[in-house]
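Results of the structural survey
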Amino acid sequence: MDAREERLAQNEILFREVNERIEQTATPHGTDWHLYEFLCECSNMDCTLRLPMAIATYEEVRSDPACFLVALGHELPEIEEVLYRTSDYQVVKKEGDAARLVTREDPRS
Ligand SMILES: [Zn+2]
């Protein structure tokens, strides 16, 4: 992984940490289907897009520490692979060294 890739991955790690906090404050009582505004976890530090999503959906993405939630068109194919997309968001997955980095930095691990 070169320095640029590492920096981009660090940006995504940062957005994920913010989303962890959104989730923690949003769930006084476990899972419900209210939509919360999670931040797009793409590698662009200036991105301010929010993705309305139920906690359970976010949890599904977060069950793999190498996966991130990004807006449509916010993936960066050179550093991540798109696993699937919906009409509102897509889930990308890191590979190789970047996957090891983001897994190590997972606040839940
Ligand atoms: Zn974005």
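Reading the values: the criteria
- Residues numbered from 1 in each chain as written.
- Predicted model: local features only at pLDDT ≥ 70, side-chain atom pairs only at ≥ 80, totals over all residues.
- Heavy atoms only, no water.
- Helix = DSSP H or I, 4+ residues; strand = E, 2+ residues; numbered from the N terminus.
- Rg over C-alpha atoms; globule rule 2.2 N^0.38 Å.
- Buried < 20%, exposed > 50% of the residue type's maximum accessible area, 1.4 Å probe, protein only.
- Contact = heavy atoms within 4.5 Å.
- Areas by Shrake-Rupley, 256 points an atom, 1.4 Å probe, with all protein chains shown as cover.
- Polar contact = N/O pair within 3.5 Å; in protein donor to acceptor, adjacent residues only side chain to side chain.
- pLDDT = per-residue confidence, 0-100.
- Salt bridge = Lys/Arg side-chain N within 4 Å of Asp/Glu carboxyl O.
- Donors = N, O, S within 2.8 Å, 3.2 Å for Na, K, Ca; no water.
- Tetrahedral: all angles 85-135°; square planar, octahedral: opposite > 155°, others 65-115°.

**Observations concerning the overall build of the chain**
- Within the chain, the secondary structure is distributed over 3 helices and 5 strands.
- Reading the helices (α) and strands (β) of the chain from amino to carboxyl end gives α-β-β-α-β-β-β-α.
- Computed over C-alpha atoms, the radius of gyration of the chain comes to 13 Å, within 12% of the 13 Å expected from 2.2 N^0.38 for 109 residues, which places it in the range of a compact globule.
- Across the 109 residues that make up the chain, the buried fraction comes to 43%.
- Within the chain, residue pairs in contact and separated by at least 24 positions form 53% of the contacts whose partners lie at least 6 positions apart.
- Element-wise, carbon and sulfur atoms account for 51% of the exposed surface of the chain, whose accessible area totals about 5,900 Å².

**Let's talk about the side chain of Glu-80**
- Along the chain, the position of Glu-80 falls in strand E4 (residues 80-85).
- You can call Glu-80 buried: its relative accessible area is 5%.
- In this structure the side chain of Glu-80 is engaged in a polar contact, spanning 2.9 Å, whose partner is the backbone nitrogen of Leu-76.
- A polar contact of 2.8 Å, which involves the side chain of Glu-80, links it to the side chain of Lys-94.
- Sequence-distant contacts of Glu-80, that is, excluding residues within four places in its chain, are made with Glu-12, His-74, Glu-75, Val-92, Lys-93 and Lys-94.

**With respect to the confidence of the model for the chain**
- In this model, the chain carries an average pLDDT of 92, and 94% of its residues clear a pLDDT of 70 or more.
- When mean pLDDT is taken per element in the chain, strand E3 (residues 67-70) scores highest with 98 and helix H2 (residues 55-62) scores lowest with 92.

**Notes on the pattern of salt bridges**
- A full pass over the atoms with the stated rule returns 11 salt bridges.
- With a closest N to O distance of 2.7 Å, Lys-94 and Glu-12 form a salt bridge. In this pair, Lys-94 is assigned in strand E5 (residues 90-94) and Glu-12 in helix H1 (residues 3-26), connecting sequence segments 82 residues apart.
- Given the relative accessible area of 0%, Glu-12 is considered buried.
- In this structure, Arg-108 engages Glu-20 in a salt bridge whose closest nitrogen and oxygen atoms are separated by 2.8 Å.

**Considerations on the coordination of the zinc ion**
- Of the protein atoms, only Cys-40 (SG), Cys-42 (SG), Cys-47 (SG) and His-74 (ND1) coordinate the zinc ion, at distances of 2.0 to 2.4 Å.
- Coordination at the zinc ion comes from 4 donor atoms whose angles at the metal span 106 to 113°, giving a geometry best classed as tetrahedral.
- Sequence positions of the donors to the zinc ion reduce to the motif C-x1-C-x4-C-x26-H. For the pair formed by Cys-42 and Cys-47, the shared burial category is buried.

**Observations regarding the environment of Val-82**
- Considering the arrangement of structural elements, one finds Val-82 in strand E4.
- Accessibility expressed as a relative area gives 26% for Val-82, which makes it partly exposed.
- Considering only alpha carbons, one finds Val-82 and Lys-93, 11 residues apart in sequence, at a separation of 6.4 Å.
- Ignoring any residue separated from it by four or fewer positions in sequence, one finds Val-82 in contact with Glu-75, Gln-90, Val-91 and Val-92.

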